[in-house]
Each structure stands twice: as C-alpha cells, then as structure tokens.
Amino acid sequence: MAKVTIDGHTVEVADGTTILNAARQIGGEIVPPAMCYYSKLNGSGGKCRTCLVEVTKGSEKDPRPMPKLVASCSTPVMDGMEVANITSERTLEARKGVVEFLLINHPLDCPICDQAGECDLQNLAYEHGASATRYEEDRRVFDKIDIGEHIQLHMTRCILCYRCVYTADQLTDRRVHGVLKRGDASEIGTYIENSLENEFIGNVIDVCPVGALTDKTFRFKSRVWFLKPMDAHRNCGVCSGKATVWMFGDEIYRVTGRKNTYGEVDEFICNTCRFDVKDLSQWTIEGPRVIENWSVISQGHYAGITEPIHKNVIGVGEKKDDVKLEE
Ligand code: SF4
Ligand code: FES
C-alpha cells in the first residue's frame, strides 16, 4: 500500500495505482480531468495531457519534487508522494495551454454539434479555456468518409485520444479503423473505407470525448438537455441490456450506455439495444438517471425536483450579489 496526498487530501491506495485513480478514490474537484484515459480500456491514457499534475514530493524515500508536470493517468503513486492539482498554479497554467492546443484544430461548432451539453472538451474549455484564440493558421480539413450505417465521423472534431481504437480492439473481434498517418496528418480512418459494423462498435460513440463520433439515429433530433435520461433495461441475448434511454415525452430518442461520474460507461451495450430498440414497450424503465449537478443536462430538473436545484445559477435579470450562494 502507498500513502499519497493530493491537494492536501491523503489516501492509502494499492501499489501501482496511478495518481489519477488515487484522486478518484478521494473524489470531488481535486480529480484531474481526463480526455483520453478510460478506466475500462487497457492501454488508454498518456495522449492528451489534460491530466497533468505537479508532484511536489516524489516519495518518502526520495522527497525531491519531480521537475516536470506528469500525466496523472499514467504515473503510479509512491509511498509518501505529494501532488498538487488545483492548488498548483503551474498545473492550471499548463492545463490552459493544453486546452488551447486541443482547440487549435477543433471547430467551434458547438451550436450544431450533437455532443454539445455532454462534451468533455466543451466542459474543459469552459473551465480552463481562453476567451479568444491566438491561432491564425488554417485548421485541418478532411475528405468526408462514410464509416457505416449508424455512426457519423466528423474528423475535424477528433482530438486523437485513441479511445475508439481501443474500444474496437478490445470489444470487437475485428477492428477495421485506427489512426492513420502521422503527426499533424494523423486521422481516424477505416483503411479502404470499411464500415464499422461489429455488434459492439456503437460503444465508440460513448467513449468519444468530443463530437467526432455521433449516433446517426439521433443526429439533429434534439439537444440532449431537452431529453430525460432514464435508466432502463431489457432482455438482451447479446449484452446486459442495461442502458440509459433518453426520452422526450413517451418517445425514446436515443439509447446510450450508463455513464458514471467520470463520464465512463459502466457496461458496454450492443448495437441492437443502442440503435434498433427505440420502442418504449420493449424497455423496463427503472427511474431517472442521476446526472451530476454540474452537467448542463441536469438543467432540465427532471428528477422529481420540486424547487430549482441550481440556486447557484444566476437567473436572467439577477445580479451576482442578489444570489445567495449555497454551500
Ligand atoms: S474519434 Fe473520438 S474517440 Fe476516436 S480518437 Fe477521435 S476523439 Fe478519440
Ligand atoms: S487523460 Fe492523461 S494524458 Fe489524457
């Protein structure tokens, strides 16, 4: 076991645990953001650098601080290690730089993007982004490629996190897509335009942190915050059948895996549940999905709330000083 202190909170974790997972055991705002790491995908992490933290004390045996910021998703803790995340100016400054870098090529098309409202990059930019861009060069453009009946690829939005590649590798028996080419020419592609048709391939939509891979059966149907996410299950011979159905009235607009606090799917679902079963009679509704207060989706106050849950949100015509902030 190793004791690690992150932003003043100490936790004891198993040897080999990464700083990010140790932080997740503590929970709350000290947990670094992660755009490429995904706990259920082996080998993920180490690509996007959003999870950088400052190690102010290496370990009990060797207390020297680490000279450079480290990727918390791939750096294991040492006994006695001390880490600064939100208490480190250096980290916050670097995170700003990483967001700026990720946005170099990412189009600012949130108003028409299906991922808006549940996009990790949108959230990250909101927290750490600059209000203007310094980038003057042309953004990358790609020839449109069709990757199949159910999944839409918008390559310009891709941040090359590799999550979809690991998902296809680890959940399906024949991966037909990957990151092609190198450097700034890298892109997600299906060599010689194969389509992604495996029964579990729809999960690439859920793991994609941005709107690069979206559900064609749901595209442009509704903004996510107008829908009511409900936990539901059905008898499925292929997957667990446990999913979240996104409803408008009695209609199911889309089906996704159930995501946890860190935006990771609890159980991967099959394509049939995701794309083909939109008939309410085929699902047993368990109840409203708990969505974190910070998510724009919870603005719909759908979960049996009698008074507004967002008392901290300043309403139209209100000034900041008029609003009593809740603890
Ligand atoms: S398409 Fe999405 S999941 Fe795949 S590498 Fe790009 S950003 Fe990551
Ligand atoms: S989450 Fe650690 S590098 Fe991407």
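Residues numbered from 1 in each chain as written. Chains lettered and ligands numbered in written order. Predicted model: local features only at pLDDT ≥ 70, side-chain atom pairs only at ≥ 80, totals over all residues.

## Considering the site of ligand 1
Move 1: Around ligand 1, 14 residues are found, and the nearest of them are Cys158, Cys161, Cys164, Cys208 and Ala212.
Move 2: Tallied by class, residues from the shell around ligand 1 come to 13 nonpolar, no polar and 1 charged. (Near = placed C-beta within 6 Å. Nonpolar A, V, L, I, M, F, W, Y, C, P; charged D, E, K, R; others polar.)

## Focus: the domain arrangement of the protein
Interfaces are often sized by the amount of accessible area the parts lose when they come together.
Move 1: Along its sequence, the protein is organised into domain 1 (2–98), domain 2 (110–215) and domain 3 (224–300).
Move 2: Taking only C-alpha atoms into account, the centre of domain 1 sits 32 Å from that of domain 3. (Domains from an automatic or database assignment.)

## Here's the deal with the sheet that holds strand E10 (residues 228–233)
Strand pairing within a sheet occurs via backbone hydrogen bonds; the two strands may be parallel or antiparallel.
Move 1: Across the sheet, which stays open at both edges, the 4 strands sit in the order E12-E11-E10-E13 with antiparallel pairing between neighbours. Only two strands of the sheet have a single neighbouring strand rather than two, namely strand E12 (251–256) and strand E13 (284–288). Neighbouring strand axes in the sheet, compared pairwise and without regard to direction, differ in orientation by 40° on average.
Move 2: Here 5 bridges tie strand E11 (residues 242–248) to E12, and the two strands are oriented antiparallel to one another. Within E12, the position partnered with Met247 by the bridge is Ile252. (Pairing = 2+ DSSP bridges. Helix = DSSP H or I, 4+ residues; strand = E, 2+ residues; numbered from the N terminus. Axes fitted to C-alpha atoms, helices over the stretch in contact; angles between N-to-C directions.)

## Concerning the nonpolar core
Move 1: Membership of the largest hydrophobic core comes to 53 residues, with the highest contact counts inside it found for Val83, Ile159, Cys164, Val204, Cys208 and Leu213.
Move 2: With 5 residues, helix H4 (residues 163–171) is the single largest residue contributor to this core.
Move 3: In terms of domain composition, this core takes at least three residues from each of domain 1 (2–98) and domain 2 (110–215).
Move 4: Each residue touching Val204, except ones within four places of it in the same chain, is listed here: Ile151, Cys164, Thr167, Ala168 and Leu213. (Core = buried A, V, L, I, M, F, W, Y, C linked by C-beta atoms within 7 Å. Buried ≥ 20, exposed ≤ 12 C-beta atoms within 10 Å, placed from the backbone. Contact = placed C-beta atoms within 7 Å.)

## Details of the pairing of strand E3 (residues 52–57)
Regular strands place their side chains on alternate faces of the sheet.
Move 1: Bridging between E3 and strand E4 (residues 70–71) involves 2 bridges; their strand directions are antiparallel. Among the inter-strand pairings, Val53 is bridged to a residue of E4, identified as Val70.

## Quick notes on the sheet that holds E3
Move 1: One open sheet accounts for 5 strands, arranged E2-E1-E5-E3-E4; its pairing is mixed. Each edge of the open sheet carries a strand with a single partner, namely strand E2 (9–13) and E4.
Move 2: Sheet topology note: the E3/strand E5 (residues 81–84) ladder contains 3 bridges and is antiparallel. Within E5, the residue paired with Glu54 across the bridge is Ala84.
Move 3: Helix H1 (residues 19–26) contacts strand E1 (2–6), E2, E3 and E5 of the sheet and is inclined by roughly 115° relative to E2.
Move 4: Relative to E3, helix H2 (residues 89–102) is tilted by about 160°, and along the sheet it contacts E3 and E5.

## So, the packing of H2 against helix H3 (residues 120–128)
Packed helices, taken two at a time, are described by their axes: the angle between them and the distance between them.
Move 1: Where H2 meets H3, the closest approach of the two axes is 10 Å, and the angle between their N-to-C directions is 135°. As judged from the angle between their axes, H2 and H3 are oblique. Both H2 and H3 take part in a crossing whose hand is left-handed. Residues Arg95, Lys96, Val99 and Leu102 of H2 lie in contact with H3, whose contacting residues are Leu121, Leu124, Ala125 and His128.
Move 2: Its residues placed into classes, the contact of H2 with H3 shows 5 nonpolar, 1 polar and 2 charged. (Parallel < 35°, antiparallel > 145°, perpendicular 65-115°, else oblique. Left-handed = near helix turned anticlockwise from the far one by under 90°.)

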